[in-house]
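Reading the structure
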Amino acid sequence: MCVECHSGRDQQGNILDSQRYMGAAIPFTAPWSIDWATRAPRNKGLPGYTDADAQRLLTEGSISRRGVQLRAPMPRFRMTPQDAADVTAFLRSLR
Ligand code: HEC
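Everything in this summary refers to the structure shown in the same document. Quick caveat: nothing in here was measured; it's all calculated off a predicted structure.

When four donors bind a metal tetrahedrally, each ideal donor-metal-donor angle is 109.5 degrees, and when six bind octahedrally, the ideal angles are 90 or 180 degrees. Around the iron atom of the ligand, the donor atoms from the protein are His 6 (NE2) and Met 74 (SD), and they sit 2.0 to 2.2 Å away. Look at His 6 and you get buried, because its relative accessible area is 10%.

Shown next as structure tokens:
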């Protein structure tokens, strides 16, 4: 599901192939008052993230490489170590 938030879309809302995982504005906001991010950055290749950073991000509730909790709507992922390693390998494999 990473692709849903982290990809650019056309006017009809379809994900553009060239913009997959390249980052995008979040086109909606929260109905209640919480700290909400307006943009999902590029995650293709997980730039700036070591494998250890990526493991922490995906297994410990979406702690960024800088050690801070990422804002909604980034989900607070609690994957198994194997799932996190698989997602990391997938994102790094993208060209
Ligand atoms: C529901 C929308 C949504 C989904 C699904 C989502 N993200 Fe995010 N992601 C965000 C938003 C919004 C941010 C920015 C959070 C912030 O600025 O605090 C973010 C931030 C990130 C960052 C931080 C980059 C940095 O600058 O440190 C990474 C890495 C990331 N996401 C990876 C993923 C991965 C991997 C998946 C799938 C397993 C995923 N995201 C799924 C919305 C989403």
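Val 3, Tyr 21, Leu 46, Tyr 49, Ala 54, Leu 57, Leu 58, Phe 77, Ala 84, Val 87 and Leu 91 together form the largest nonpolar core, which totals 11 residues. At the level of secondary structure, the elements contributing two or more residues to this core comprise α2 (51-59) and α3 (81-93). Apart from residues lying up to four places away in sequence, Leu 58 is in contact with Phe 77, Arg 78, Met 79, Ala 84, Val 87 and Thr 88.

Around the ligand, the structure places 23 residues, and the nearest of them are Cys 2, Cys 5, His 6, Tyr 49 and Met 74. At a separation of 2.8 Å, a nitrogen atom of the ligand approaches a polar side-chain atom of His 6. Contact distances for the ligand include 3.2 Å between an oxygen atom and a side-chain N or O atom of Arg 65. Broken down by secondary-structure element, the contributors of at least two residues to the shell around the ligand are α1 (2-5), β2 (39-40) and α2. In the shell around the ligand, the residues fall into 18 nonpolar, 2 polar and 3 charged.

Scoring rules and cut-offs
Residue indices follow the written sequence of each chain, beginning from 1 at its first position. Two thresholds apply to this predicted model, a pLDDT of at least 70 for residue-level local features and 80 or more for giving and counting side-chain atom pairs, whereas whole-chain, interface and lining totals are computed over all residues. Based on all heavy atoms of the structure, the side-chain values leave hydrogens and waters out of the count. Because water is not among the atoms used, a metal site may look incomplete, as its donors are only the N, O and S atoms within 2.8 Å, or 3.2 Å for Na, K and Ca. For each residue, the accessible area found with a 1.4 Å probe, counting protein chains only, is set against the maximum for its type, and the residue is called buried under 20%, exposed over 50%, and partly exposed in between. In these notes, a set of buried Ala, Val, Leu, Ile, Met, Phe, Trp, Tyr and Cys residues joined through side-chain atoms within 4.5 Å is what counts as a nonpolar core. Runs of H or I in DSSP of at least four residues are treated as helices and runs of E of at least two as strands, each being numbered from the N terminus. By definition in these notes, contact holds between two residues if any of their heavy atoms fall within 4.5 Å. Proximity criterion: a residue is near a molecule or strand once any of its heavy atoms comes within 4 Å of it. For this analysis, a polar contact is any N or O atom pair within 3.5 Å, provided that within protein one partner can donate a hydrogen and the other can accept it, and provided that sequence-adjacent residues contribute only side-chain to side-chain pairs. Think of it as three bins: nonpolar holds Ala, Val, Leu, Ile, Met, Phe, Trp, Tyr, Cys and Pro, charged holds Asp, Glu, Lys and Arg, and polar takes everything else, Gly as well.

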